[in-house]
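Listed below are the residues making up each chain.
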Amino acid sequence: MKIAVFSAQPYDRLFLDEAFGAAADKVELVYFTEALAAQSTSLAAGCAAVCVFVNDKLDATVLGALAGLGVRAVLLRCAGFNNLDTASAAKLGLFVARVPAYSPEAVAEHTLALILTLNRHTHRAWLRVRDGNFSLDGLLGSNLHGKTVGLVGLGKIGMAAARIFKGFGCTVIGSDPAAPDQFGAHGAVAPLPELLAASDYVSLHCPLTPATLHMIDAAALARMKPGAMLINTSRGGLVDTVAVIAALKSHRLGGLAIDVYEQESELFFQDRSADIIGDDVFQRLMTFPNVLVTGHQGFFTVEAMREIAQVTLHNLECFMQQKPCANLVEG
Ligand SMILES: NC(=O)c1ccc[n+]([C@@H]2O[C@H](COP(=O)([O-])OP(=O)(O)OC[C@H]3O[C@@H](n4cnc5c(N)ncnc54)[C@H](O)[C@@H]3O)[C@@H](O)[C@H]2O)c1
């Protein structure tokens, strides 16, 4: 069976080849660096499945075209599936499976890294010291210990973050319509407006859905404590970036750290260093000294990459052997 692997970076090949070695007699992986979109669906001709990542497009048009080519399965190498039209996939009878929990700690630890970096200006200190500048002016930080961290979304990543911040001596509060009972050991549940008003750091860990699109808008930002920081390692669309820029300009928002960005599919996972970047909103963000951006690397650890490849193989085996699959994405 041939599988078309879209948005394949060298590191994807490394971990997928390692995991799929065991199935080399049954499965051939065909790698494409291109993202899956309407104009690239034809690359999947002759393949029974596609293997895709966060910025591949899986709308009704793309899914219809794939089904027309004979593709029967969609293997997501990620947990989130906001890029998938689940209703269309169900209508077409496609098998769709994801990797629901490859390493919640990877993303939670990246959240911590972003907060500590922003808090202590280590990104700026690193540049200064390399330039022989050992002045501390402008590098004054503040302790994380004793601060209040508000976690929006208490699923696998939110809970991993709760454990970490509790360990740092923070007061942890969380907002989630389905907050797990275990969260009580780490912090208290609060409605979102209360969480926004009480937190020194607001960190987003909920999925992007029509209900959560731009959940952090101008009104939500106005509710936040003056000088509080916003961290988003979940999905870019949770945040209205234009409103965030206004809040940074007015000093209302004390800092922003993002690993995801609403228009990231035009930028992330590519080397654009020699290009003129046309996204003025993104470029404005890059001008703030208190903004830290990473290019969707929260998941990117050896442990998580290995797990993604192994679970993707397991999902494929479920499809091939028509076995029940716990990782199905259903419409
Ligand atoms: N940066 C990265 O590399 C990376 C990697 C993996 C996942 N993610 C993102 O992290 C998100 C969370 O992942 P997870 O594994 O913890 O998912 P999860 O499904 O385990 O948990 C999500 C939680 O969000 C809650 N939720 C839903 N709507 C909410 C709302 N309006 N307000 C507050 N909470 C709400 C759900 O009840 C659930 O408990 C994913 O949706 C994905 O977008 C990012």
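Just so you know, these numbers come straight off a predicted model, no measurement behind them. (Residues numbered from 1 in each chain as written. Predicted model: local features only at pLDDT ≥ 70, side-chain atom pairs only at ≥ 80, totals over all residues. Heavy atoms only, no water.)

**As for the pairing of strand β4 (residues 73–76)**
Turning to step 1, where the next piece is worked out: Residues of β4 alternate between two faces, with A73 and L75 on one and V74 and L76 on the opposite face, all of them buried.
Turning to step 2, where the next piece is worked out: When strand β3 (residues 49–52) meets β4, the two strands line up parallel, connected through 4 bridges. Looking at the pairing, V50 lines up with V74 of β4.
Turning to step 3, where the next piece is worked out: Assessed by its sense of winding, the connection that carries the chain from β3 through helix α2 (residues 60–69) to β4 is right-handed.
Turning to step 4, where the next piece is worked out: Note that β4 and strand β5 (residues 95–97) share 3 bridges and pair parallel. Across the sheet, the residue bridging to V74 is V96, located in β5.
Turning to step 5, where the next piece is worked out: Running through helix α3 (residues 86–91), the crossover from β4 to the neighbouring parallel element β5 is right-handed. (Buried < 20%, exposed > 50% of the residue type's maximum accessible area, 1.4 Å probe, protein only. Helix = DSSP H or I, 4+ residues; strand = E, 2+ residues; numbered from the N terminus. Pairing = 2+ DSSP bridges. Right-handed = clockwise from strand over helix to strand, strands pointing away.)

**A look at the site of the ligand**
Turning to step 1, where the next piece is worked out: Around the ligand, the structure places 23 residues, and the nearest of them are Y102, K156, I157, D176 and T233.
Turning to step 2, where the next piece is worked out: Within the side chain of K156, one N or O atom sits 2.8 Å away from an oxygen atom of the ligand.
Turning to step 3, where the next piece is worked out: One of the backbone nitrogen or oxygen atoms of F299 is found 3.0 Å away from an oxygen atom of the ligand.
Turning to step 4, where the next piece is worked out: Relative to its free-state accessible area of 860 Å², the ligand is covered by the protein chains to the extent of 83%.
Turning to step 5, where the next piece is worked out: Counted by class, the shell around the ligand contains 10 nonpolar, 9 polar and 4 charged residues. (Near = heavy atom within 4 Å. Polar contact = N/O pair within 3.5 Å; in protein donor to acceptor, adjacent residues only side chain to side chain. Areas by Shrake-Rupley, 256 points an atom, 1.4 Å probe, with all protein chains shown as cover. Nonpolar A, V, L, I, M, F, W, Y, C, P; charged D, E, K, R; others polar.)

**Re the UniProt feature "domain: D-isomer specific 2-hydroxyacid dehydrogenase NAD-binding" (unreviewed entry) in the chain**
Turning to step 1, where the next piece is worked out: The sites that carry the UniProt feature "domain: D-isomer specific 2-hydroxyacid dehydrogenase NAD-binding" (unreviewed entry) are, in the present numbering, residues 112–298.
Turning to step 2, where the next piece is worked out: Across residues 112–298, the secondary structure splits into 31% helix and 15% strand, with the terminal C-alpha atoms separated by 10 Å. (UniProt positions renumbered as here; feature names shortened; annotations may be inferred.)

**Considering the packing of aromatic side chains**
Turning to step 1, where the next piece is worked out: Applying the stated criterion across every chain yields a total of 8 aromatic pairs.
Turning to step 2, where the next piece is worked out: Measuring from centroid to centroid gives 5.1 Å for Y261 and F282, while their planes differ by 55°, and the two rings are tilted. Of this pair, Y261 sits in the loop between β11 (255–258) and α10 (280–285) while F282 is found in helix α10, placing the two residues 21 residues apart along the sequence.
Turning to step 3, where the next piece is worked out: Ring-pair connections join several aromatic residues into one group, and the members of that group are Y11, F53, F269, F299 and F300. (Phe/Tyr/Trp six-rings, centres within 6.5 Å; stacked < 30°, edge-to-face > 60°.)

**With respect to the packing of helix α1 (residues 10–20) against helix α11 (residues 302–320)**
Turning to step 1, where the next piece is worked out: Orientation of α1 relative to α11, taken along the N-to-C sense of each, is 50°, at an axis distance of 9 Å. Considering the angle they form, α1 stands oblique to α11. In the packing of α1 onto α11, the handedness of the crossing is right-handed. Mapping the contact onto sequence places Y11, D12, F15, L16, E18, A19 and F20 in α1 and V302, M305, R306, A309, Q310, T312, L313 and L316 in α11. (Axes fitted to C-alpha atoms, helices over the stretch in contact; angles between N-to-C directions. Parallel < 35°, antiparallel > 145°, perpendicular 65-115°, else oblique. Left-handed = near helix turned anticlockwise from the far one by under 90°. Contact = heavy atoms within 4.5 Å.)

**Describing the pairing of strand β1 (residues 2–5)**
Turning to step 1, where the next piece is worked out: Examined bridge by bridge, β1 and strand β2 (residues 28–31) share 4 bridges and lie parallel to one another. Opposite K2, over in β2, you have E28 as the bridge partner.
Turning to step 2, where the next piece is worked out: Viewed along the sheet, the connection from β1 through α1 into β2 turns out right-handed.
Turning to step 3, where the next piece is worked out: Direction of pairing for β1 relative to β3: parallel, over a ladder of 3 bridges. Within the sheet, the bridge partner assigned to I3 lies in β3 and is A49.

**Section: the packing of helix α4 (residues 104–120) against helix α6 (residues 156–167)**
Two numbers describe a pair of packed helices, the interaxial angle and the distance between the axes.
Turning to step 1, where the next piece is worked out: The geometry of α4 relative to α6 is characterised by a closest axis approach of 8 Å and an angle of 50° between their N-to-C directions. Taken as axis vectors, α4 and α6 run oblique relative to one another. In terms of crossing hand, the pair formed by α4 and α6 is right-handed. Contacts between α4 and α6 involve P104, E105, V107, A108, E109, T111, L112 and I115 from the first element and K156, I157, A160, A161, R163, I164 and F165 from the second.
Turning to step 2, where the next piece is worked out: Counted by class, the contact of α4 with α6 contains 10 nonpolar, 1 polar and 4 charged residues.

**A closer look at the domain arrangement of the chain**
Turning to step 1, where the next piece is worked out: Taken domain by domain, the chain holds domain 1 (2–102 + 301–321) and domain 2 (104–293).
Turning to step 2, where the next piece is worked out: Inter-centroid distance (C-alpha atoms) of domain 1 to domain 2 is 30 Å.
Turning to step 3, where the next piece is worked out: With both sides pooled, the region where domain 1 packs onto domain 2 buries about 870 Å², and carbon together with sulfur makes up 58% of that total.
Turning to step 4, where the next piece is worked out: Contact with domain 2 buries area across many residues of domain 1, yet V54, N55 and N82 alone supply 47% of it, more than any other trio. (Domains from an automatic or database assignment. Buried area = accessible area lost by both parts, 1.4 Å probe.)

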